[in-house]
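# Breakdown of the fold
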Amino acid sequence: MSTPEQNAPVQTAGAAEESRPSLSALLLDPSFWADWASVVGLVGLVIVFGIAQPVFLSIANLQALLLAAAILVVLSIGQTFVVATAGIDLSLAAAVMLGAIILGLVNAAGWGIFLACVLAVLATSAVGFLNGVLITAGKIPDFVVTLGTLSGITGLGLILSGGEPTMVGSTFLLKLASGSFGPFGYPVWVAIAAVIVAHIALYHTRFGVHLLATGGQVESAGALGIRTNRVKIAAYTISGFCAGIASLLLVARIGSAEPLINTSLLLNSVAAVVLGGVSLFGGRASILGPAIGALMLTALVNGLTLLSVSAFYQPLAVGAIVVLAALIMRYQK
Amino acid sequence: MSATHHIPSSDAILACEGLSKHFGGIRAFTDVAFQARRGEVTAVIGDNGAGKSTLIRCLVGVHVPDGGEIFFDGRPRPFANPDEARKAGIETVHQNLALIDELTVAQNLFLNREIVRRIGPIALLDRKAMREQARAMLSRLSINMPSVNQRVRRLSGGQRQAISICRAAGSGAKLVVMDEPTAALGVQETGNVEALIRRLREQEVSVILVSHNFDQVRRLSDQIWVMRAGRMVATVRSSETTGNELVALVTGAA
Ligand SMILES: Nc1ncnc2c1ncn2[C@@H]1O[C@H](COP(=O)(O)OP(=O)(O)OP(=O)(O)O)[C@@H](O)[C@H]1O
Ligand SMILES: [Mg+2]
């Protein structure tokens with residue numbers, strides 16, 4: 001007679017999972033492709049574009065690509081924290097605009113560029129905090145709240161700026177945009193720092209575990225004493241903070257603060273999160289995945305431009321890739 | 001039959017008086033008085049929907065009751081939320097609110113009680129220590145788990161139940177509350193949990209046990225409380241009752 005635990009089917013299945021599957025089994029497993037979608041996509045794009053247009057692989061183009069990706073990487077990180085709680089932040093790109101306008105106005109008022117940057121980041125963080133409070137304390141669905149703040153911020157930005165762009169001629173921002181350290185420009189280093197800090201916060205702190213628990217099963221997390229509302233508010237505040245950092249990078253890059261919302265930033269931040277294997281149902285997230293997803297989307301636009309494909313086709317390509325990625329995600333473990 | 005008065009209140013580790021809870025128009029329970037004595041195993045029985053789980057959730061801070069008083073160690077209004085209940089030394093195995101599917105076994109065992117290392121102002125998770133202690137906790141309760149790094153989603157109902165019992169019992173709590181802990185378990189695993197409850201009692205840990213198994217309740221508990229349709233209808237010493245009497249109390253056929 002064998003004891004029950006020796007022949008319990010579930011436990012043998014569990015034991016099998018611990019042993020390493022063979023490479024061919026791994027390559028045939030759809031969940032492998034789902035988990036690594038952004039890496040596979042990036043490698044695929046680099047190969048295709050590299051063959052079709054060798055300039056794509058030149059050091060100068062790769063550096064430009066990374067520089068162009070920095071803003072989206074930072075935004076995707078913010079979106080990741082929100083999506084990990086099973087939410088979504090639709091006000092992200094509008095918050096970037098608000099941050100830029102506040103930066104421009106405070107700087108133009110002669111209060112100094114540092115104060116301008118700090119106030120911009122504080123304002124976007126406050127928008128995130130407000131989102132979180134309305135969603136949790138107000139018990140309003142996330143997309144309704146963030147759609148509302150998207151509209152509210154748009155109006156606020158137009159009112160504050162009078163609909164006019166503000167030139168920001170600051171040597172600090174000029175250095176930030178054009179300076180470099182080692183192989184990368186400063187914006188790339190900002191994005192790298194954001195990835196490292198976010199990765200540590202997600203995987204190596206209590207907050208990170210509580211964030212995933214809140215996104216996974218909010219009631220169970222609450223029954224174990226996790227303050228799930230605070231966790232959600234923190235996630236939206238982080239998203240707002242990332243929008244603030246992105247607004248600094250944006251103003252530095254274009255040299256002025258424009259009362260315009262770049263909606264493709266919002267769509268691409270969600271797309272990068274999906275490509276990065278983060279579950280839109282919450283509870284499952286990584287930072288490297290969305291960061292690589294953001295790189296991949298930027299590489300797509302960069303490569304299509306080099307191939308002289310009309311800019312009109314770029315949103316179409318991004319949309320197709322995101323839907324494809326979402327289809328693959330259905331096979332995720 | 002109601003024998004509440006013969007238990008001196010100073011003995012109670014957790015008690016309530018006049019407790020009520022409604023969900024919209026649904027009455028979960030009304031005007032419930034209950035107490036669990038220190039160092040005893042206190043059982044709560046009753047048919048499906050009688051209000052047992054909701055009572056437990058009110059007692060450990062998950063739900064806020066509509067009215068009435070709760071006392072822990074004689075102190076009124078003890079917990080505003082489950083975190084305070086856990087910090088006061090109450091661990092609960094909830095009937096449905098148990099594990100986070102996407103987290104690993106070790107992460108679930110240490111959820112909201114993570115071990116951290118401090119590096120200056122930053123507290124980082126000590127994942128290695130948690131994995132090792134998780135293995136030790138599981139093996140102490142002879143729970144068979146392929147790996148503590150496995151996501152809980154893949155585990156069987158019994159394994160999941162075992163983890164949530166392990167989390168509650170393995171942490172040095174003063175009071176362990178278990179809502180139908182053996183409902184999903186096989187014969188041998190049920191035996192393990194019953195042995196665990198006896199061991200907790202020997203270590204003078206108080207236990208509140210919700211169960212539908214009257215034989216189990218009579219074997220394990222010191223005092224039995226009976227709920228019927230949202231009311232606490234009776235309480236008896238386990239040694240002085242019979243299975244037939246419990247059936248009669250639960251169904252109201254007495
Ligand atoms: N969160 C809730 N929202 C609405 N109604 C609820 C909620 N929780 C419990 N109820 C209702 O309260 C009543 C008591 O439920 P409860 O879960 O406490 O019963 P129980 O005695 O634990 O039953 P069982 O033996 O089946 O576990 C039921 O009518 C149930 O539908
Ligand atoms: Mg119940």
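Here, every reference points to the structure presented above.
Residues numbered from 1 in each chain as written. Chains lettered and ligands numbered in written order. Predicted model: local features only at pLDDT ≥ 70, side-chain atom pairs only at ≥ 80, totals over all residues. Heavy atoms only, no water.

## Some words on the site of ligand 1
Residue and element names in this part refer to chain B. Around ligand 1, the structure places 14 residues, and the nearest of them are Gly49, Lys52, Ser53, Thr54 and His212. For ligand 1, an oxygen atom lies 3.2 Å from a polar atom in the backbone of Ala50. A distance of 2.7 Å separates an oxygen atom of ligand 1 from a polar atom in the side chain of Lys52. With the chains in place, 67% of the 630 Å² that ligand 1 exposes on its own is no longer accessible. Looking at the shell around ligand 1, the elements that each hand over two or more residues are strand E2 (26-37) and helix H1 (52-59). Examining the composition of the shell around ligand 1, we find that 3 residues originate from one element, H1, more than from any other. Here the shell around ligand 1 is built from residues that sort into 4 nonpolar, 7 polar and 3 charged. (Near = heavy atom within 4 Å. Polar contact = N/O pair within 3.5 Å; in protein donor to acceptor, adjacent residues only side chain to side chain. Areas by Shrake-Rupley, 256 points an atom, 1.4 Å probe, with all protein chains shown as cover. Helix = DSSP H or I, 4+ residues; strand = E, 2+ residues; numbered from the N terminus. Nonpolar A, V, L, I, M, F, W, Y, C, P; charged D, E, K, R; others polar.)

## Details of the coordination of the magnesium ion (ligand 2)
Around the magnesium ion (ligand 2), the protein supplies Ser53 of chain B (OG) and Gln95 of chain B (OE1) as donor atoms, at distances of 1.9 to 2.1 Å. In this pair, Ser53 of chain B sits in helix H1 while Gln95 of chain B sits in the loop between strand E6 (90-93) and helix H3 (105-109), placing the two residues 42 residues apart along the sequence. (Donors = N, O, S within 2.8 Å, 3.2 Å for Na, K, Ca; no water.)

## Examining unusual backbone geometry
All names here are of chain B. Even without glycine at this site, Asn112 takes up a positive phi of about 65°. If you trace the backbone, Asn112 turns up in the loop between H3 and strand E7 (116-119). What makes Asn112 buried here is its relative accessible area of 11%. One non-glycine residue, Glu204, adopts positive backbone phi at about 60°. Its relative accessible area of 66% is what places Glu204 among the exposed residues. (Buried < 20%, exposed > 50% of the residue type's maximum accessible area, 1.4 Å probe, protein only.)

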